[in-house]
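Working through the structure, step by step
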Amino acid sequence: MDNLFAAFTSIFSKEKFQHNIRSITNDNNLFFKNKEIVDIELYSHCFSYYSFNKNLVKNFDQLTTNIDFDSVEKNSDIELLANCRIDNKDQLLPKSFAQNISVKKSDTENDSHLSEMFTLLYSKFEDDLPKHLKGNFTYILWDKNKEELHAAIDAFSGRSLFYLQINDEFYIASDAKVLASHPSLTLTVNKQAIVQWLSGRPDPNISMYNEIKRLPCGHQLIWRNNKVSVSKFWDIEADKSIRYKNTDEYKQHFYDVLMNSVSNRLVTSSSSIHSQADVASVFCQMSGGMDSTSIAALANIETKRTGLALHTLSHSYKNTESCNEMDNINDMIEKLNLSHAHFVELDKFDEINFGQLYPTDFDSPGIVLSPKYHEELSLIQQLGATTLLTGNGGDEICWGHSSTYRSRLYKGEVGVINEVVKACAELNEPVASSLVKLFVKPLIPNSLQNLLRLALNKPRINATDNPTSAWLTEEALGFLDEDAFTRSINNPFNKTFEPAKHARFHSLKTTSTYNSMRSYQKVANSYGIDVRHPFFDVDVVEFSFAIPDRMLIQGSYPKWLLRKTMEDHLPESVVWNKHKTVFDHHFANLVRSNEDELRELLSHSGLHDLGLLDNDVLMREFDELVRDPNRHLNVDMLYAILTQSWYQTHCV
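Please read all numbers here as calculations on a predicted model, not as lab measurements. (Residues numbered from 1 in each chain as written. Predicted model: local features only at pLDDT ≥ 70, side-chain atom pairs only at ≥ 80, totals over all residues. Heavy atoms only, no water.)

**As for the pattern of salt bridges**
In this structure the tally under the stated criterion is 29 salt bridges. Among the ionic pairs, Glu 375 bridges to Lys 348, the shortest N-O distance being 2.8 Å. Here Glu 375 is found in helix H11 (residues 371-382), whereas its partner Lys 348 is found in the loop between strand S15 (341-345) and helix H10 (354-357), with 27 residues between them in sequence. Residue classification places Glu 375 among the partly exposed residues on the basis of a relative accessible area of 28%. Of the charged contacts, one joins Asp 530 and Arg 532 as a salt bridge, the two residues approaching to 2.9 Å between their closest N and O atoms. Judged by its relative accessible area of 11%, Asp 530 is buried. Several salt bridges converge on common partners, so that one network encompasses Asp 175, Asp 361, Asp 363 and Lys 522. (Salt bridge = Lys/Arg side-chain N within 4 Å of Asp/Glu carboxyl O. Helix = DSSP H or I, 4+ residues; strand = E, 2+ residues; numbered from the N terminus. Buried < 20%, exposed > 50% of the residue type's maximum accessible area, 1.4 Å probe, protein only.)

Right, dumping it as structure tokens:
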């Protein structure tokens, strides 16, 4: 998978521009497919794919060549850099194009007609182009005639685009670190972003640096007349509604959109032919939970139809019984008659220290380039596959929300109380406190809740109903402007009258799952592998928000419709399992086994000196965790550890 880089300046600054690009190249050990600075009417530009080459550093002047991009037509009105899989090509392109060129779904990175396709689509839709695209895409497009740049990233991308405007120069690239090497740039950290990480609620669409901006998912950027404009091109349509007469109709619709998403993401390039088996292979992650098993089951159906070889990748835990899902995984192997099941033992990595196990990337604390990922992706590469499917997004799209029960009660469904009581008995949860939490507590204003929490010496409640981390300073809390955060998300659902959809929309925009997606893709780039997430598909997402809330969660079963949809395709042990496997205990043990290293990491005074972190409070919380062998790891502590690691690695 290639990374993208483009840079522009006026022709009068070309000499300095060339010096700056040379500096960026050498500082990052980049290898460019093309690095020629091209003069156009008003600007000079450098427009190229790049990869990181740690073993080879070449001088910029030695690499100056003629433009020779694989996917750029020399006579085109546009130049294009892209990592794309466009699923609706055949709906967008004219029939004359389809007659001459195959428009069947494919890995467009290897499609020699990608530039021609974008030329046609851009000439038709111009600024509105990304609104019409379905699939996964990250592209930078240069309009030669208008001398303006267009860039876009799809709504649920595991990739990134960062941009920088400094003096009369404009840069855009896949990695923030590439832009940070500009010799005239003095980089400063974004305190608001750091505080969000320390509080356990990071915004995945903002940059960790003040000078470098991140293009948010589902947004496009246009650079014209040396000015940048950013706008959203896709979001949930709040007024869209799907209503059927019975559950079977919902099941069939959900099956159709999810299977179509899996099918789109299973198409792989011819380069994935394995030299020994001579059969194209694809991989699918498969734990014992509902999400990845559902994707694996649908992929199994589709690969049998198309002749692909399906390989599954699962994790095993020899020493952590609470994380062990082998019974469900073995049931899946038997149910689907899987022939290519692979396992990676994760407890073996406990012998590696925390910093080596979770090295943070320059882009953000949540992007970790773990050797676990390297082992998995190396295995996939060795077996000749270029595609990995995951179950990421299953929680955000299918889980539902507990406030659904409250909404149903307010609408007159008195029977929902008995439904909750029965669910509590099945899950061994206390009935009285559950009823209060679901039906009473949401009616109490945060101000009154904070008075009680103050009396109990507990962290305060903020506008999103979450306790803030105890180790944040008053200055740090000032950066948690919930009103601004809410405005940036622009939630279209009313919190009072549509609480479940409101909460689900917020989760969709802020989920930590983006960290996992970006981590995997960052590592996968060096192995030539595309990591794909069928639940994060616009048609699947739109469907899940258009159906009644009760279809997603009923009784003791979140993901109710997913379970009903997949009950004929998955083992009963998986479909109707009430207990979701969590990995808090695994991470808590990891923290305890690395106590000395993490104590030194957390006691660093950098964030304390910035006025954002109370080190004394943080260390007290850490001491309580390591002293109690039965205590699970609070996710906020994990965020604090990763933030400290990131800051000390990249900012000190």
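Okay, back to it.
**Notes on the sheet that holds strand S18 (residues 387-389)**
In space, the five strands of this open sheet follow the order S15-S14-S13-S18-S19, with parallel pairing throughout. Across the chains shown, the open sheet's two edge strands, defined by having one partner strand only, are S15 and strand S19 (530-532). For this sheet, the mean angle separating the axes of adjacent strands, direction not counted, is 25°. Alignment of strand S13 (residues 281-285) against S18, held across two bridges, turns out to be parallel. (Pairing = 2+ DSSP bridges. Axes fitted to C-alpha atoms, helices over the stretch in contact; angles between N-to-C directions.)

**Remarks on the packing of helix H25 (residues 595-602) against helix H28 (residues 635-650)**
Two measures define how a pair of helices packs: the angle their axes make with one another and the distance between the axes. For the pair H25 and H28, interaxial distance at closest approach is 9 Å and the crossing angle is 70°. When the axis of H25 is compared with that of H28, the two are roughly perpendicular. Handedness of the crossing formed by H25 with H28: left-handed. Contacts between H25 and H28 involve Leu 598, Leu 601 and Leu 602 from the former and Met 637, Ala 640, Ile 641, Gln 644, Ser 645 and Gln 648 from the latter. (Parallel < 35°, antiparallel > 145°, perpendicular 65-115°, else oblique. Left-handed = near helix turned anticlockwise from the far one by under 90°. Contact = heavy atoms within 4.5 Å.)

Geometric values such as these leave the question of function open.
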